[in-house]
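Summary of structural features
Below are the chains, spelled out letter by letter.
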Amino acid sequence: MAKGLLGLVILCFGLAGAMTYGQQSATAGLEAQEIKPADPSENASQAQDVIQLLHALQAQQREMSQELRAMKREMAALKAAMQEPDFKDILGGIGYILGIFGVAYYMQARRLRHSRTS
């Protein structure tokens, strides 16, 4: 039924586009025709179709809401996990600290070697 609704929307846009480009209006032929009273059985079946479509859309909306809630929970859990430092981050921090001390020790050793040779 959703495909039928999509087809109806596309048809409406097509008709609107035809009127925009100056082609004959889609309603021009309808004005000359005699309007017949609608058959009550057709109206009932159309109403049933509309009700079924409405129920299908509501069910689809509920499913999408549940999926969206699940995705929000997963994103919140992922965000919380990303904020915690892991083993690689801890080792990287220790490496930076040791590297800074190593450079400082190297510069101190060069100063001592220069002062001894002078």
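Residues numbered from 1 in each chain as written. Predicted model: local features only at pLDDT ≥ 70, side-chain atom pairs only at ≥ 80, totals over all residues. Heavy atoms only, no water.

**Notes on the overall build of the protein**
Helices and strands together make up the secondary structure of the protein, namely four helices and zero strands. Counting every position in the protein, which comprises 118 residues, the buried fraction comes to 1%. As displayed, the protein offers around 11,200 Å² of accessible surface, 64% of which is attributable to carbon and sulfur atoms. (Helix = DSSP H or I, 4+ residues; strand = E, 2+ residues; numbered from the N terminus. Buried < 20%, exposed > 50% of the residue type's maximum accessible area, 1.4 Å probe, protein only. Areas by Shrake-Rupley, 256 points an atom, 1.4 Å probe, with all protein chains shown as cover.)

**Here we look at a nonpolar patch on the surface**
A cluster of nonpolar side chains, contributed by Phe-87, Ile-90, Leu-91, Ile-94 and Leu-98, occupies part of the molecular surface with about 540 Å² of accessible area. Mapping Leu-91 onto the fold places it in helix α4 (residues 87-117). We classify Leu-91 as partly exposed; its relative accessible area is 46%. (Patch = residues over 30% accessible without salt bridge, like charges linked within 9 Å, V, L, I, M, F, W, Y side chains within 5 Å. Salt bridge = Lys/Arg side-chain N within 4 Å of Asp/Glu carboxyl O.)

**Re the confidence of the model for the protein**
In regions of low pLDDT, the predicted coordinates are not meant to be interpreted in detail. Model confidence for the protein is summarised by a mean pLDDT of 79, while 65% of its residues fall at 70 or above. The low-confidence segment residues 21-26, where pLDDT is below 50, has four contacts with residues more than four positions distant or belonging to other chains. (pLDDT = per-residue confidence, 0-100. Contact = heavy atoms within 4.5 Å.)

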